[in-house]
Amino acid sequence: MDNRILPYQVSGQVLHYIMPKEVDHHVAQSLCKELDMLVDAHQIRELILDFKETEFMDSSGIGVVIGRSKTLGFRSGKVNVMHLGKRIEAIFKASGLYKVVGLKEE
Amino acid sequence: MKGDNYMYIKFDAKSINESVARMTVAAFMMHMNPTLDEIQDVKTAVSEAVTNAIIHGYPETDLVNSKEGECSEKNEIEMICAQEDETLKITIIDKGVGIENVEEARKPFFTSKPDEERSGMGFAFMETFMDVLDVESRVGKGTKVTMIKYIERKDEQ
Ligand SMILES: Nc1ncnc2c1ncn2[C@@H]1O[C@H](COP(=O)(O)OP(=O)(O)OP(=O)(O)O)[C@@H](O)[C@H]1O
Ligand SMILES: [Mg+2]
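Residues numbered from 1 in each chain as written. Chains lettered and ligands numbered in written order. Predicted model: local features only at pLDDT ≥ 70, side-chain atom pairs only at ≥ 80, totals over all residues. Heavy atoms only, no water.

Novice: What is the right way to read the interface of chain B and chain A from this model?
Specialist: A common measure of how large an interface is: the accessible area buried when the components associate. Listed per partner, the contact involves 25 residues of chain B and 22 residues of chain A. Together, the buried faces of chain B and chain A total about 1900 Å²; carbon and sulfur atoms form 47% of this surface. Ranking the residues of chain B by area buried against chain A places Arg22, Glu117 and Phe125 of chain B at the top, with a combined share of 27%. At the boundary of chain B with chain A, the tally comes to five salt bridges. Here Asp41 of chain B makes a salt bridge to Arg87 of chain A, at a shortest N to O gap of 2.7 Å. At the junction of chain B and chain A, the tally comes to 14 residue pairs in polar contact (both at pLDDT 80 or more). If you list the elements that add at least two residues to the side of chain B that touches chain A, you get α1 (17-29), α2 (36-57), α3 (59-68) and α5 (122-129) of chain B. Ranked by residues supplied to the side of chain B that touches chain A, first place goes to α2 of chain B with ten residues. Of the residues contributing to the side of chain B that touches chain A, the split by class is seven nonpolar, nine polar and nine charged. (Contact = heavy atoms within 4.5 Å. Buried area = accessible area lost by both parts, 1.4 Å probe. Salt bridge = Lys/Arg side-chain N within 4 Å of Asp/Glu carboxyl O. Polar contact = N/O pair within 3.5 Å; in protein donor to acceptor, adjacent residues only side chain to side chain. Helix = DSSP H or I, 4+ residues; strand = E, 2+ residues; numbered from the N terminus. Nonpolar A, V, L, I, M, F, W, Y, C, P; charged D, E, K, R; others polar.)

Structure follows, in structure tokens:
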């Protein structure tokens, strides 16, 4: 389970969410639930998924990102990602994720 | 540095064991002196195969998992790691529902569960990150995924 204290920040309609250390099928379900709940509760238009703490991600993580880009799409918002390590960037490229999310530079 | 090594483990088809399987394989390959990239490659491939066994091989367990965090039935996954010289061979076996059309299942972006936010990249990653991928499956009997990774010896001390 994820026991970090508030891994996110809301400012206006922007949700900045720090992704967990390992993004696999085990954490995906509760992660999606939390993200959807936050997006709904705060009427979010821009979801920023920050991978600065993420050391591992497999195809289940791709599902999380694609799914959120759909939910945000329904509310005419969008998903941006940041701090992708070399490894996660390769996974994003291989699966065509850059077609559905934007890359946020600092 | 010489010598072959072998490990066999069997665990419940529960999602908490995905990270257990990854860490176990990483520990097993450590004495082969792998690079960080090689460790990540193998961990990703193992994670894909074990996750597939849990969600596709034993779909009913996955349902129970998400409801109560417990699985009532004895659905198990076997993982065999064998090292021979510079060759690491990993076999992951489930006794679940099996795959009807393996060739189709291995294609990138193919998934039988698009509604559950699956991307169909699991086999594609196993293929990319490992040197050999072999999938044997029989409907109603189960699936056996065999993967090989060559870990080149680094002797420059
Ligand atoms: N162990 C298994 N038992 C039964 N069916 C399987 C098994 N492994 C894979 N499959 C079938 O092969 C398909 C492709 O698997 P793959 O891992 O490539 O994609 P996925 O699991 O559907 O999506 P992703 O891995 O991107 O989350 C699955 O959708 C499933 O139908
Ligand atoms: Mg998969």
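The rest of the description comes next.
Novice: How do you make sense of the packing of aromatic side chains when you look at a structure like this?
Specialist: For any pair of aromatic rings, geometry is given as the distance between the ring centres together with the angle between the planes. Inspection of every chain in the model, using the stated rule, returns four aromatic pairs over all chains. Residues Phe51 of chain A and Phe92 of chain A carry aromatic rings whose centres are separated by 5.7 Å and whose planes lie at 85 degrees to one another, so their mutual orientation is edge-to-face. With Phe51 of chain A in the loop between β4 (46-50) and β5 (56-57) and Phe92 of chain A in helix α3 (residues 86-94), the pair connects residues that are 41 residues apart, well separated along the chain. Note on Phe51 of chain A: relative accessible area 1%, which makes it buried. Positioned over the ring face of Phe129 of chain B is Arg87 of chain A, at 4.5 Å from the centre of the ring. In this structure, Arg22 of chain B packs its charged tip against the face of Phe56 of chain A, placed 4.1 Å from the ring centre. (Phe/Tyr/Trp six-rings, centres within 6.5 Å; stacked < 30°, edge-to-face > 60°. Buried < 20%, exposed > 50% of the residue type's maximum accessible area, 1.4 Å probe, protein only. Lys NZ or Arg CZ within 6 Å of the ring centre and 35° of its normal.)

Novice: What should I look at first to understand the site of ligand 1 in this one?
Specialist: The full set close to ligand 1 counts 20 residues, and Asn52, His56, Thr111, Ser112 and Arg118 of chain B are the nearest of them. With respect to ligand 1, the chains having nearby residues are chains A and B. Backbone polar atom of Met121 of chain B to an oxygen atom of ligand 1: 2.9 Å apart, as the coordinates give it. Taken by itself ligand 1 offers 590 Å² of open surface, and the protein chains cover 95% of this. A total of five residues in the shell around ligand 1 trace back to one element, the largest contributor, which is α2 of chain B. (Near = heavy atom within 4 Å. Areas by Shrake-Rupley, 256 points an atom, 1.4 Å probe, with all protein chains shown as cover.)

Novice: Would you explain the environment of Glu22 of chain A in this entry?
Specialist: Structurally, Glu22 of chain A can be placed in strand β3 (residues 22-23). When its relative accessible area of 27% is taken as the criterion, Glu22 of chain A is described as partly exposed. When the C-alpha atoms of Glu22 of chain A and Met57 of chain A are compared, they prove to be 5.9 Å apart, with 35 residues separating the residues in sequence. In contact with Glu22 of chain A, not counting residues within four places along its chain, are Val27 and Phe56 of chain A together with Ser19 and Arg22 of chain B.

Novice: What exactly am I supposed to notice about the environment of Met19 of chain A here?
Specialist: All names here are of chain A. Structurally, Met19 can be placed in the loop between β2 (14-18) and β3. Met19 sits in the buried class, given a relative accessible area of 0%. In sequence terms Met19 and Met57 are 38 residues apart; their C-alpha atoms lie 10 Å from each other.

Novice: What's the story with the confidence of the model for chain B in this structure? I'm lost.
Specialist: Low-pLDDT portions of the prediction should not be read for the details of their coordinates. When pLDDT is averaged along chain B, the result is 91; 89% of the residues meet or exceed 70. With a pTM of 0.93, the predicted complex shows an ipTM of 0.92. (pLDDT = per-residue confidence, 0-100.)

Novice: Please clarify how the sheet that holds strand β5 (residues 142-150) of chain B should be interpreted in this entry.
Specialist: Hydrogen bonds along the backbone pair up the strands of a sheet, which may run parallel or antiparallel. All names here are of chain B. Spatial ordering of the open sheet is given by β1-β2-β3-β5-β4, a layout of five strands whose pairing is antiparallel. Of all strands in the sheet, those bounded by a partner on one side alone are β1 (5-12) and β4 (132-138). Neighbour-to-neighbour, the strand axes of this sheet turn through a mean angle of 10 degrees, independent of strand direction. Across the sheet, α1 lies against β1, β2 (76-84) and β3 (87-94), angled at about 175 degrees from β1, the strand it touches most. (Pairing = 2+ DSSP bridges. Axes fitted to C-alpha atoms, helices over the stretch in contact; angles between N-to-C directions.)

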